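Below, each chain spelled out in residue letters.
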Amino acid sequence: MKLIANETAAHFFPYTTEHRDIRIQGLNYEDDSAGNALAAMVKPGVIEFRHHRAFSDQRVRQIAVRLIAHPVGEFASSFSIHYQGRILVPSSS
């Protein structure tokens, strides 16, 4: 599946939908680091966030930790979190 997220919201959706095609008030992803949300792929055991110029490693880590602590994202609580090819949060399994 795919995901867009920022500090105030997150939305999971099927992998067949493009990130830029999701339109939710307060949460939008646009190509080339536009928009106020990160794009991510959710794969078995990992959430992999795409690069966004406005999001530092620390900011992405904070968003991811809040996401997996929430009941909606709890299924991924043991997943590793990657950003730009780096592991920000290691797997807890």
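Residue positions are given per chain, counting from 1 as you read along its sequence in written order. Owing to the predicted nature of the model, reporting of local features is limited to residues with pLDDT of at least 70; listing and counting of side-chain atom pairs is limited to 80 or more, with chain, interface and lining totals taken over all residues. Note: side-chain values were computed over all heavy atoms of the structure, leaving out hydrogens and water.

**Observations regarding the pattern of salt bridges**
By definition, a salt bridge exists where a carboxyl oxygen of Asp or Glu is found within 4 Å of a side-chain nitrogen of Lys or Arg. Summed over the entire model, instances satisfying the criterion amount to five salt bridges. Among the ionic pairs, Glu48 bridges to Lys43, the shortest N-O distance being 3.7 Å. We classify Glu48 as partly exposed; its relative accessible area is 35%. Type-normalised accessible area, obtained with a 1.4 Å probe on protein chains alone, sets the label of each residue: buried when under 20%, exposed when over 50%, and partly exposed for intermediate values. Since its relative accessible area comes to 35%, Lys43 is described here as partly exposed.

**Some words on the pairing of strand 7 (residues 80–83)**
Only DSSP runs of H or I with at least four residues qualify as helices, and only runs of E with at least two residues qualify as strands; both kinds are numbered from the N terminus onward. Here strand 7 shows a buried face lined by Ser80 and His82 and a second buried face lined by Ile81 and Tyr83. When strand 6 (residues 46–49) meets strand 7, the two strands line up parallel, connected through four bridges. By the bridge assignment for strand 7, Val46 is matched with Ser80. Consider the strands pointing away from the viewer: the crossover is right-handed when the path from the first strand over the helix to the second runs clockwise. Note that the unit made of strand 6, helix 1 (residues 57–69) and strand 7 has a crossover that is right-handed. For two strands to be treated as a pair, DSSP must find no fewer than two bridges joining them. Pairing of strand 7 with strand 8 (residues 86–89), which is carried by three bridges, proceeds in the antiparallel orientation. Looking at strand 8, one finds that Ile81 is bridged to Val89. Hairpin connection of strand 7 to strand 8: two residues between the antiparallel strands, including Gln84 at a positive phi of 55 degrees.

**Focus on the nonpolar core**
Across soluble globular proteins, you tend to see nonpolar side chains buried next to one another. In this description, a nonpolar core means a group of buried Ala, Val, Leu, Ile, Met, Phe, Trp, Tyr and Cys residues linked to one another through side-chain atoms lying within 4.5 Å. Counting 20 residues, the largest nonpolar core has Leu3, Leu38, Ile47, Phe49, Val60 and Tyr83 as the members making the most contacts within it. Sorting the residues of this core by element identifies strand 1 (2–5), strand 5 (38–43), strand 6, helix 1, strand 7 and strand 8 as the ones contributing at least two each. In terms of residues, this core owes the most to one element, helix 1, which gives five residues. Whether two residues touch is decided by their heavy atoms; if any such pair falls within 4.5 Å, the residues are in contact. The residues touching Val60, leaving out its near neighbours within four places in the chain, are Leu38, Phe49, Phe55, Tyr83 and Leu88. Ile4, Ile22, Leu27 and Tyr29 belong to the second-largest nonpolar core, a separate cluster that totals seven residues.

**Side note on the sheet that holds strand 1**
In space, the six strands of this open sheet follow the order 2-1-5-6-7-8, with mixed pairing throughout. Of all strands in the sheet, those with a lone pairing partner are strand 2 (10–13) and strand 8, marking the two edges. Strand-to-strand twist across the sheet, computed as the mean angle between neighbouring axes with direction ignored, equals 25 degrees. Taken together, the four bridges between strand 1 and strand 5 define a ladder with antiparallel strand orientation. What sits directly across from Leu3, in strand 5, is Ala40. Sheet strands touched by helix 1: strand 1, strand 2, strand 5, strand 6, strand 7 and strand 8. Its angle to strand 8, the strand with the most contacts, is close to 50 degrees. Interaxial angles span 0 to 180 degrees and are taken between N-to-C directions of axes, which are lines fitted to C-alpha atoms, for helices over the stretch in contact.

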